[in-house]
Amino acid sequence: MHILEVENLKTYFFTEAGIVKALDGATFNLEKGTTLGLVGESGSGKSVTSQSVLRIVPKPGKIVSGKILFEGEDILAKSENEMRNYRGKKISLIFQDPTSSLNPLFTIGSQLTEIVTQHEKMKKTEALEHVIKTLKLARLPDPEEEIYRYPHQFSGGMKQRICIARALLLNPQLLFADEPTTNLDVTIQAQILTLLKDLQREVGMTLVMITHDMGIVADMCKYVVVLYGGNVMETGMIETIFEKPHPYTEALLKAVPRLDQTKELVSIPGNIPNLIELPSGCVFHPRCRYAVDACKGNKPPLEEVEADHSIACIRWRELNGGR
Amino acid sequence: MGLAKYVARRLIYMIPLILGISLVSFLVMYSAGDPITIATMGNPMITETEKQFLRHYYGLDLPIPVQYFRWLTNFLTGNFGNSIYGNKPVNQLIASLSWETVKLQLVSIIISFLIAIPAGIYAAVKQRSATDYTVSSISIMGISLPVFFTAVVFILVFSYDLGWFPSAGAHGAPTLWPVFGIRNPILDEIAHLVLPALVLTLASVAYNVRLLRAGMLEVLRQDYIMAAKASGIQERTILYKYALKNAITPLLTLLGLSIGGAIGGAPMTETVFSWPGLGYQFVLAAGRLDFPVVMGITMLITIFILLANLITDLAYAWVDPRVTIE
Ligand SMILES: Nc1ncnc2c1ncn2[C@@H]1O[C@H](COP(=O)(O)OP(=O)(O)OP(=O)(O)O)[C@@H](O)[C@H]1O
Ligand code: SF4
Ligand SMILES: [Mg+2]
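Residues numbered from 1 in each chain as written. Chains lettered and ligands numbered in written order. Predicted model: local features only at pLDDT ≥ 70, side-chain atom pairs only at ≥ 80, totals over all residues. Heavy atoms only, no water.

Caption draft 1: Quick peek at the overall build of chain A. Along the backbone of chain A there are 11 helices and 12 strands. For chain A, whose C-alpha radius of gyration is 20 Å, the value lies close to the compact-globule estimate of 20 Å for 323 residues. When contacts within chain A are restricted to residue pairs at least 6 apart in sequence, those whose partners lie at least 24 apart make up 65%. Total accessible area on chain A stands at roughly 14,300 Å², and carbon and sulfur atoms take up 50% of it. Counting 37 positive and 40 negative side-chain charges, chain A places the averaged centre of each group 3 Å from the other. (Helix = DSSP H or I, 4+ residues; strand = E, 2+ residues; numbered from the N terminus. Rg over C-alpha atoms; globule rule 2.2 N^0.38 Å. Contact = heavy atoms within 4.5 Å. Areas by Shrake-Rupley, 256 points an atom, 1.4 Å probe, with all protein chains shown as cover. Lys, Arg positive; Asp, Glu negative; His and termini not counted. Charge placed at Lys NZ, Arg CZ, Asp CG, Glu CD.)

Caption draft 2: View of the interface of chain B and chain A. In this assembly, 23 residues from chain B lie in contact with 28 residues from chain A. Buried area between chain B and chain A, both sides added, is near 2,400 Å², and the carbon and sulfur share of it is 60%. Among the residues chain B hides against chain A, the three largest losses belong to Met-226, Ala-230 and Pro-321 of chain B. Together they make up 23% of the total. Taken together, chain B and chain A are joined by one salt bridge. Measuring nitrogen to oxygen at the nearest pair gives 2.4 Å for the salt bridge that ties Lys-241 of chain B to Glu-114 of chain A. Of all elements in the fold, only α9 (223–230) and α10 (235–262) of chain B reach the threshold of two or more residues within the side of chain B that touches chain A. (Buried area = accessible area lost by both parts, 1.4 Å probe. Salt bridge = Lys/Arg side-chain N within 4 Å of Asp/Glu carboxyl O.)

Caption draft 3: Fine view of the layout of surface pockets. Roughly 1,200 Å³ of internal volume is contained in the largest pocket. Along its surface, the largest pocket is lined by 34 residues, and Val-57, Pro-58 and Lys-59 of chain A together with Leu-220 and Lys-229 of chain B are the ones closest to its centre. Split into classes, the residues belonging to the lining of the largest pocket amount to 16 nonpolar, six polar and 12 charged. (1 Å grid on protein atoms, 1.4 Å probe; cavity = no way out; pocket = protein on both sides within 12 Å on 5 of 7 lines; lining within 4 Å. Points joined across faces, edges and corners; volume = space filled by probe spheres on them. Nonpolar A, V, L, I, M, F, W, Y, C, P; charged D, E, K, R; others polar.)

Caption draft 4: Spotlight on the side chain of Glu-234 of chain A. Residues and elements named next belong to chain A. As for its placement among the helices and strands, Glu-234 is situated in strand β10 (residues 231–237). Here the side chain of Glu-234 touches His-246 through a polar contact of 3.0 Å, landing on its backbone nitrogen. Sequence-distant contacts of Glu-234, defined by excluding residues within four places in its chain, comprise Val-224, Val-225, Val-226, Ile-241, Lys-244, Pro-245, His-246, Thr-249, Leu-302, His-309, Ser-310 and Ile-311. (Polar contact = N/O pair within 3.5 Å; in protein donor to acceptor, adjacent residues only side chain to side chain.)

Quick look at the structure:
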């Protein structure tokens, strides 16, 4: 069963420089109870995807068209008031930078309790109990004491645990983790990833791991959605994708950082596309090693090429036919 | 460090500052001229001997270091001497004028912030809307209009033409409030307060609106605001609790400075409205080189600003947990 269906989603930013097409017709489905990797280079529209699903795209951004179904319900048809019952309660979000996503002027106890009391009919003390319980779930040591502290009094890893607890407070069915480890030390990164994996199993929620690290995807995810220039290039089971990848995914896989050069990302030659003036045809053609003239013509549609595997590329069959 | 220790240290640091400022002001004033010559200018009958007597009476014939030392010892015992005009104790003079100034300033600061906070938030939230442009243009107009201009226009329109409010003084007077046609001491005070307070408010409100709008816009872009929204927190809570506190914290400094500076009054506004406050008195006294009065008001303002600074820093540390007093 699909917990989330995104169809032809277009989210644009109407900036002074022009219309930034952050998502230009993204389509993908999400199986309930699994972990999905949402991958792509910087600027490919990963964060905007999660913001669109929660309908918190910041100004001057706007969802222009498309469909978002959560458990079959049309999210885009909901009123602002109805949306509040989705945000945090059914769908949650963990941010890339735990430091900037916690309000510096309020104790973590007060920030987390506010979320509980605004959604559930609970007394303050009950809500606080619940917050402490959830912080324990996120393995924050001594939550009974720590709730009275301010964000700046915690280390990065601890702050991310607090943010994870914040996202889990209301038992959401769907959790977006937007590059939750990018801003953490390498040793802490592993701990946070393990925590997310454990929690996904314990709580049984659906998890979307947003990352540009194929290593994390291989480690954690069952399904993958590959974004490029606001378009979905490929979706499928992790094994299929590793085996017969889309040309862009193939380039991404080659860019996986090797263990001995931890931080250094080998990047794909060429630049990410200008989202104001997207390349014609296949948005990846200026950088694609397989590109032919026909790739500049019409935008290749996302097609199911085999069971559980969709591709937007006119040459994929040809390139993989021989195998 | 303990709070008491911190405050004590800050207070001790103020002493050399206060002494330094007093010395500089004393010297500047002394080089400005001779108050007795100015005071007796309108009196052709006065003789040089009489002038000399007056100088001697006020101690103006002593060497400057001696004069400063005399002033300082008096100052340290809380005595500012007597004014040259009217020969009144400066302490008493300042005390009665301070109240009028504080009243006027407090009213205008409070009104200014009461208007600026919602207007600034609204303009920021509705960024680039018609409301935002309206608020912003009015703000720019308010900032560019000089106080003496708005003051004179207000006096002409609301006082001379319409006759709604008195144009001079702080109370009493032959005026009763014509709008209500009643004579009541409190209404009378309010009637006198309206125009000068309005002029002062207009001068600061525009600036405050723009600062708050800029602050709110900056804060509303922050991740923690999006995170609060993503957690399903109500818009009202996000704006008035989470965003406002962050946007207003930097304004504390401004509020502290304006309250600190307030005791000095607004010389221009007070002068135009003949407001019996410290600002007007300072302008008068400076023109007459009335040393004791000028020194008294200068020292009062200095001490007040230094104290307001200290209180601002304490308030800052109280509001923002990241700031520690050290
Ligand atoms: N607030 C904004 N204003 C204008 N443009 C924006 C805004 N947020 C995102 N965009 C545009 O949308 C594009 C996609 O942004 P998004 O944040 O989704 O990228 P991402 O895939 O999450 O990249 P990263 O890995 O760097 O986080 C960006 O290239 C940017 O140009
Ligand atoms: S459509 Fe052409 S340019 Fe695009 S990925 Fe396929 S081969 Fe490359
Ligand atoms: Mg991102």
